[in-house]
Amino acid sequence: MYSRQIVRVCSRHIARQPFRIQPLTLPAVARCFSRTVPSRTSGLLSISAQENSDADSNIEIELEKPEHAVISTFDLFSIGVGPSSSHTVGPMRAGKIFINDLLELGMLEKVRTVKITLYGSLAATGKGHHTPQAILLGLEGSDPETIDTGTIPSRYAAIQTNKTLLLGGKHRITYDMDRDMLWRWDQVLKTHPNGIRFSVFDEEGSLLATNEYFSVGGGFVVNDKTKVDENLFYKGVDKSIVHGARLHQHVHADGSAGVEGQQSSVDDELPPYPFKSGDSLLNLTRVHNMTIAQIVYDNERSFGYTDEDIHNKLMRIWAVMDDCIRTGVHTRETTLPGRLGLRRRAPMLYRRLMRGFYPGLSTPHLQAIEGGARPAGAIDAPDTEDRPNEPSSEGPFAGGIGGPKGSRAARVVGSFDHAILPEPPRKTMIPAMDFLSCYAIAVNEVNASGGRIVTSPTNGAAGVIPAVLKYIVEFVSDDPEKSVKTFLLTAAAIGMLFKRGSTISAAEGGCQAEVGVACSMASAGFAACMGATPETVLQAAEIGIEHNLGLTCDPIDGLVQVPCIERNSLGAVKAVTAAQLSMAADGVYSVTLDEAIEAMRLTASDMSVKYKETSLSGLATTVKIPLTVPAC
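Residues numbered from 1 in each chain as written. Predicted model: local features only at pLDDT ≥ 70, side-chain atom pairs only at ≥ 80, totals over all residues. Heavy atoms only, no water.

J.: Mind showing me how you'd approach the overall build of the chain here?
T.: When helices and strands are counted, the chain shows 21 helices and 13 strands. Among the 632 residues that make up the chain, the fraction classed as buried is 57%. Within the chain, residue pairs in contact and separated by at least 24 positions form 73% of the contacts whose partners lie at least 6 positions apart. Surface accessibility of the chain: about 25600 Å² in total, with carbon and sulfur atoms responsible for 52%. (Helix = DSSP H or I, 4+ residues; strand = E, 2+ residues; numbered from the N terminus. Buried < 20%, exposed > 50% of the residue type's maximum accessible area, 1.4 Å probe, protein only. Contact = heavy atoms within 4.5 Å. Areas by Shrake-Rupley, 256 points an atom, 1.4 Å probe, with all protein chains shown as cover.)

What follows is the structure, given as structure tokens:
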């Protein structure tokens, strides 16, 4: 009988054992819920060595080792489902991890009841972020990358109506949402604001197992022990098939590996070029005469990927991004889900852009503007017919120069009997800005509707990087595949630095941790594709984040819609501007990327919880739409 036992995760054994079951004793519980403090040596939080003096001595030794920032590009960029990486993708993975662990321990068949408790930001905005759907479908065995997004609403409705849950896709239990899911937006667990606790009971009501998980942003899931070395939990749920190098994030005890450009042997299960800061990354590029993309590429090979694997995975990520843009601009749906009833704008924006390039759309056979070789899956020119809900005339300049025949005269607002005559309405086209905005909005509208998305590095900021990369592929590059690989690998390196040195979770750092980081990553990728030096690339990343510092996360009604969608549009435009400024600076700058990342960490620490994805202040309250929380 497993009564009165608690599930605990030991970082030493996580690669081999999903979790250990120990008797529920006070010392064990104390270690699981030990106090945490901010640290500059960890991407999130680290365990206090003093309060964990009774813990395993091996863990203490590991804590003293310096950490590097290197993770896999394919963990930073992963395919998932909208609308949120921390509130949707992460919770779905947590549910599946928990069920897989129960399966391995042979406990699943004994389960009769599951209790789920959401804490902090997950509870405050979870309903608008589809957190309940994600958790329940994760418990049923679904994975964010492979789940059919079209079936999510119907499956969730069936769970609510039938009051049953099919754990792991094979064991059916009774589940009542009102009774078995608890929302504690008034309580934040000490490890991270996005906390989830799973507890399972047998038919006698005895506790079989329990565990807590924390969705730390970007789809990453950790718990109290694995937060010391986040790579232990990663985004996959089966650690037995993960290459050993991806399960460790420590360099040698002397800290020499990577910092001085020394390669480690394969036996060490370390990436050949570990780095922990922008300066160490820049040093590696100088010592080995390599670009940032080349550094990241070689590290990926140490994770067990072949050249073909890396190529296929990068192209797969880009294909999903590109398909997301295409879906966004061609959808027939007119509004986004949720109480706001927000109108989709990407299709209308794209049709207006195409009219500028194809006046009157008199030649619909023409294809969309392209740069160099046409990439696979490029967006075609729109259909000639207007949508029913869109006016047929957009003003005197709607159909290009001179406008279409029979277009009505524009209405001028203002008095003509005045010293300052009113300006007539006019429209201008700035292709770079207009296309960047359109692409970013398209992606985030797909995300807001719960569609297939790439966390880049999060879902709330998923439009910035695809928009900038799409612009490069369509308008700049003469070798799209090379540009895609250079862009994504370079951007990934910057994302790794932010994940280690600060955070990519809005629940920890506000929107600067999402759109701000995405802008920085996209700036670096754009500069790299323009042939900039590694130093200039890092400076582009610095400019990208510097002018997003302090950006808050205050989504209206807890939905990833306002101001999130437009903010991605501005983030994409700002990313290109930052890259252009860095390339024009000729190596003259005052702030380094490492300094900007530290500034972001301090800003996040000082920021009120009201502005960290809780919808407790800012736009979420001034717009007078009440916070979306379940009735308890």
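The discussion continues.
J.: What exactly am I supposed to notice about the packing of helix α18 (residues 534–546) against helix α19 (residues 564–584) here?
T.: The description of two helices packed together rests on the angle between their axes and the distance between the axes. Between α18 and α19, the shortest axis-to-axis distance is 8 Å and the interhelical angle comes to 135 degrees. Our classification of the angle between α18 and α19 gives oblique. Here α18 and α19 pass one another in a crossing that is right-handed. Side by side, α18 and α19 meet where T536, Q539, A540, I543 and G544 of the first sit next to A578, A579, L581, S582 and M583 of the second. Of the residues assigned to the contact of α18 with α19, the class counts are six nonpolar, four polar and no charged. (Axes fitted to C-alpha atoms, helices over the stretch in contact; angles between N-to-C directions. Parallel < 35°, antiparallel > 145°, perpendicular 65-115°, else oblique. Left-handed = near helix turned anticlockwise from the far one by under 90°. Nonpolar A, V, L, I, M, F, W, Y, C, P; charged D, E, K, R; others polar.)

J.: I would appreciate a short explanation of helix α20 (residues 593–606) in the present structure.
T.: Residues three or four positions apart in an α-helix share a direction because the helix packs 3.6 residues into each turn. Under the 1.5 Å per step criterion, the end-to-end length of α20 is 20 Å for 14 residues, consistent within 8% with the ideal 20 Å. Taken together, the buried positions of α20 are L593, A596, I597, E598, M600, R601 and A604. (Expected span 1.5 Å × (residues − 1).)

J.: How do you make sense of the packing of aromatic side chains when you look at a structure like this?
T.: For any two aromatic rings, the description comes down to two numbers: the centre-to-centre distance and the angle of the planes. All told, the structure shown has seven aromatic pairs when counted by the stated rule. Geometrically, the ring pair formed by F98 and F198 is stacked, given 5.1 Å between the ring centres and 20 degrees between the ring planes. With a gap of 100 residues between them, F98 in helix α4 (residues 85–104) and F198 in strand β10 (residues 194–201) connect regions that are remote in the sequence. Above the face of the F74 ring, K313 is positioned so that its terminal group lies 5.6 Å from the ring centre. Above the face of the F220 ring, K499 is positioned so that its terminal group lies 4.0 Å from the ring centre. (Phe/Tyr/Trp six-rings, centres within 6.5 Å; stacked < 30°, edge-to-face > 60°. Lys NZ or Arg CZ within 6 Å of the ring centre and 35° of its normal.)

J.: Teacher, can you tell me more about the pattern of salt bridges here?
T.: Side-chain pairs of opposite charge can arise where the charged atoms are in close proximity. Counting across every chain of the model gives 16 salt bridges. For the salt bridge of D180 with R179, the shortest nitrogen-to-oxygen distance reads 2.9 Å. With relative accessibility at 0%, the residue D180 sits in the buried group. Using a relative accessible area of 42% as the deciding quantity, one classes R179 as partly exposed. For the salt bridge of D323 with R326, the shortest nitrogen-to-oxygen distance reads 3.0 Å. In this pair, D323 and R326 are both assigned in helix α11 (residues 307–330), three residues apart and thus about one turn of the helix distant. You can call D323 partly exposed: its relative accessible area is 39%. Each of D322, D323, R326, K470 and E474 takes part in one network of salt bridges that share partners. (Salt bridge = Lys/Arg side-chain N within 4 Å of Asp/Glu carboxyl O.)

J.: Honestly, the sheet that holds strand β11 (residues 207–217) in this entry has me stumped. Any pointers?
T.: Sheet strands line up and pair through hydrogen bonds in the backbone, either parallel or antiparallel. The sheet built from five strands is open, its strands ordered β9-β6-β10-β11-β12 with mixed pairing. Among the strands making up the open sheet, the edge pair consists of β9 (181–184) and β12 (220–222). Taking each pair of neighbouring strands and ignoring which way they run, the sheet shows an average axis angle of 25 degrees. In the sheet, β11 pairs with β12 via three bridges, with the strands oriented antiparallel. Looking at the pairing, F214 lines up with V222 of β12. Its contacts with the sheet put helix α6 (residues 131–139) on β6 (113–120), β9 and β10, and the angle it makes with β6 is roughly 145 degrees. (Pairing = 2+ DSSP bridges.)

J.: Please clarify how the pairing of strand β7 (residues 164–167) should be interpreted in this entry.
T.: Along a regular strand, successive side chains alternate from one face of the sheet to the other. Across the two faces of β7 the burial differs, with L165 and L167 buried and T164 and L166 not buried at all. Following β7, the chain reverses through three residues before pairing antiparallel with strand β8 (residues 171–174); G168 in that reversal takes a positive phi of roughly 60 degrees.

J.: Mind showing me how you'd approach the state of the cysteines here?
T.: The full count for this structure, using the stated rule, is zero disulfides. Of all cysteine sulfurs, the one in C553 lies closest to C564, which takes part in no disulfide; the gap is 6.1 Å. (Disulfide = S-S within 2.5 Å.)

J.: How do you make sense of α6 when you look at a structure like this?
T.: Counting buried positions along α6 yields nine of nine residues, so the element is predominantly enclosed. Turning to α6, its buried residues are T131, P132, Q133, A134, I135, L136, L137, G138 and L139. Of the residues trailing α6, G141 is marked for its positive phi of about 100 degrees.

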